[in-house]
Amino acid sequence: MPDQTHTADPDAVLAMLRSDDTGPDAPYPSRIGVYCDGCGTTVERDIVVSDRMSKAERFEAARVHLRREGWSCTSSGDLCPDCKPTPKPGDPDYVHRGAYAPHLKGDARTTVARRAADLYEQGSTIKGVAQEISRSYGNTRTLLLEAGVTLRARGGRIPRTGR
């Protein structure tokens, strides 16, 4: 199963249809629709999927593309850019757009620290987590330590060979 799904442009669809690869892992376009729970807007896209993907995985592949277009797709529902609420400081989706990010206190700090810990535990670097949560490297490292994360050694998991 491919790690990255993508929307299907007409040339890609024609290439897949002409392909001799017809096995269970062969990618093919599938039309998937996502409905906005706020205004009822429905967006349908051809998403490249494989036979091994479940219905839920195919739906999530479509939602990944809509998130890039500004949709809010969560377990509680899907909202188009016009209907989704504006995130506030402390919300997981909040991105600060100024010189300095506001100081985090209380529940907001705990929420951002937990999100940072989740991203780090999924394999992101501290720098990558910092960019994702709109914080400095140093502040992100502090949040990770406060969340109880054991930091990886510098350079990640580089296998050592005998010399």
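My aim in this report is to walk through the structure given alongside it, one point at a time. What you are looking at is a predicted structure, and each value in this text was computed from that prediction instead of being measured.

Rules used throughout
Residues numbered from 1 in each chain as written. Predicted model: local features only at pLDDT ≥ 70, side-chain atom pairs only at ≥ 80, totals over all residues. Heavy atoms only, no water. Pairing = 2+ DSSP bridges. Helix = DSSP H or I, 4+ residues; strand = E, 2+ residues; numbered from the N terminus. Buried < 20%, exposed > 50% of the residue type's maximum accessible area, 1.4 Å probe, protein only. Arc of directions from axis to C-beta. Contact = heavy atoms within 4.5 Å.

Focus: the pairing of strand 2 (residues 42-49)
Pairing geometry for strand 1 (residues 28-35) and strand 2, over eight bridges, is antiparallel. Each bridged residue has a counterpart across the sheet, and for Val34 the counterpart in strand 2 is Val43. Remark: six residues form the turn of the hairpin made by strand 1 and strand 2, two consecutive strands paired antiparallel; Gly40 in that turn has positive phi of roughly 90 degrees.

Notes on helix 5 (residues 137-146)
Among the residues of helix 5, Thr140, Leu143 and Leu144 are the ones counted as buried. What you see down the axis of helix 5 is that its buried residues fit within an arc of 100 degrees, all on one side. Those residues of helix 5 that are buried lie in contact with helix 3 (106-121) and helix 4 (126-133). Directly beyond the C-terminal end of helix 5, a positive phi value near 85 degrees is found at Gly148.

Some words on the environment of Gly33
Structurally, Gly33 can be placed in strand 1. Residue Gly33 is classed as partly exposed on the basis of its relative accessible area, which comes to 36%. For Gly33 and Ile47, which are 14 residues apart along the polypeptide, the C-alpha to C-alpha distance reads 9.9 Å. Residue contacts for Gly33: discarding those within four places in its chain leaves Val43, Glu44 and Phe59.

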